[in-house]
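# Structure assessment
Each chain is listed here by its residues.
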Amino acid sequence: MPRVSRKQADLNREIIVEAATRLFRERGVHGISVVDVMGAAGLTHGGFYGHFESKEALAQEASHRAFEQSAERWQERIAAHVDDKDAARRALIEPYLSPASRDNPGDSCPVAAFAGDMCHEAADSGLRQTFREGLNRLLKAYGSLLDSGDVDADRQQALVEYSLMVGALTLARATRGEAVSDEILDAARTFLTSKGSSN
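Report on the accompanying structure. (Residues numbered from 1 in each chain as written. Predicted model: local features only at pLDDT ≥ 70, side-chain atom pairs only at ≥ 80, totals over all residues. Heavy atoms only, no water.)

As used here, a disulfide is simply a covalent bond connecting the sulfur atoms of two cysteines. In the structure shown here, the tally under the stated rule is 0 disulfides. Cys-109 forms no disulfide, and the closest cysteine sulfur to it belongs to Cys-119, at a distance of 14 Å. Under the relative-accessibility criterion, Cys-109 is labelled buried at 5%. Of the residues examined, Cys-119 reaches a relative accessible area of 63% and is grouped as exposed. (Disulfide = S-S within 2.5 Å. Buried < 20%, exposed > 50% of the residue type's maximum accessible area, 1.4 Å probe, protein only.)

On to the layout of surface pockets, then. Estimated volume of the second largest pocket: approximately 210 Å³. Taken together, 15 residues line the second largest pocket, and the ones lying closest to its centre are Arg-73, Arg-77, Ser-101, Asp-107 and Ser-108. At the level of secondary structure, the elements contributing two or more residues to the lining of the second largest pocket comprise helix 3 (55–79), helix 4 (85–96) and helix 5 (99–103). For the lining of the second largest pocket, the element with the most residues is helix 3, which contributes 4 residues. (1 Å grid on protein atoms, 1.4 Å probe; cavity = no way out; pocket = protein on both sides within 12 Å on 5 of 7 lines; lining within 4 Å. Points joined across faces, edges and corners; volume = space filled by probe spheres on them. Helix = DSSP H or I, 4+ residues; strand = E, 2+ residues; numbered from the N terminus.)

Under the counting rule described, the total for this entry stands at 6 aromatic pairs. Both rings, one in Trp-74 and one in Tyr-162, keep their centres 5.6 Å apart while their planes meet at 80°; by these two values the pair is edge-to-face. Linking Trp-74 in helix 3 with Tyr-162 in helix 8 (residues 151–174), this pair joins segments that are 88 residues apart in sequence. Each member of the pair, Trp-74 as well as Tyr-162, carries the same accessibility label: buried. Taken together, the ring pairs in this structure connect Trp-74, Tyr-96, Tyr-142 and Tyr-162 into an aromatic cluster. (Phe/Tyr/Trp six-rings, centres within 6.5 Å; stacked < 30°, edge-to-face > 60°.)

Relative to the helices and strands, Ala-79 is located in helix 3. Assessed through its relative accessible area of 52%, Ala-79 is described here as exposed. Taking the C-alpha atoms as reference, Ala-79 lies 38 Å from Glu-53; in sequence the two are 26 residues apart.

With that out of the way, let us pick up the nonpolar core. Membership of the largest hydrophobic core comes to 51 residues, with the highest contact counts inside it found for Phe-24, Leu-58, Tyr-96, Leu-97, Phe-114 and Tyr-162. Elements supplying a minimum of two residues to this core: helix 1 (6–27), helix 2 (34–41), helix 3, helix 4, helix 6 (110–118), helix 7 (126–143), helix 8 and helix 9 (179–195). It is helix 3 that contributes the most residues to this core, 8 residues altogether. Apart from the residues within four sequence positions on either side, Tyr-162 is in contact with Trp-74, Tyr-96, Cys-109, Val-111, Leu-135, Leu-138 and Leu-139. (Core = buried A, V, L, I, M, F, W, Y, C linked by side-chain atoms within 4.5 Å. Contact = heavy atoms within 4.5 Å.)

Here helix 4 crosses helix 8 at 20°, and the two axes come no closer than 10 Å. Here helix 4 is positioned roughly parallel relative to helix 8, judged by the angle of their axes. Of the two possible hands of crossing, helix 4 and helix 8 adopt the one that is left-handed. Between helix 4 and helix 8, the contacting residues are Arg-89, Leu-92, Ile-93 and Tyr-96 on the first element and Glu-161, Tyr-162, Met-165, Val-166 and Leu-169 on the second. In terms of residue class, the contact of helix 4 with helix 8 is built from 7 nonpolar, no polar and 2 charged. (Axes fitted to C-alpha atoms, helices over the stretch in contact; angles between N-to-C directions. Parallel < 35°, antiparallel > 145°, perpendicular 65-115°, else oblique. Left-handed = near helix turned anticlockwise from the far one by under 90°. Nonpolar A, V, L, I, M, F, W, Y, C, P; charged D, E, K, R; others polar.)

Have a look at this one:
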């Protein structure tokens, strides 16, 4: 069997990471196998170890990619409202707490997707470090939209509001198909968007 070119190997690796990024967000880091990832990538299981030394190495790279994607999406939404921080804040909150976000975990928040798995990771694991860095990056972006003039108060508000967003999205997913799922999203979205960043 002929060797795959360097270009094709790089493309295959990218396909694997993208498939893993989506699957890990959908089913959790520990909810899928290497076989699942390679099947979703349209590649054979045997080729996995030519790209990654372990599933954990793939999980760390895919987790990093998921946070990069979320941060880029947030920055685009913020940039669209560069002169209005409240509008930018709403532009983060409303899609986050939407039925589309709830129903498509493979394309949505890595914090909500990975938090449960991180409870079982060692504190010094690479995956846990990637999660912490990604979480702090999103919190910093959210906090940049809060300008009370008190850095500590803005950080506190960002922590509370983002925690509410993650918790509401998680509960809405856990109750999908029931009326309470939509109620949770609506209540959290209304609460956050009606109070404004100056309160």
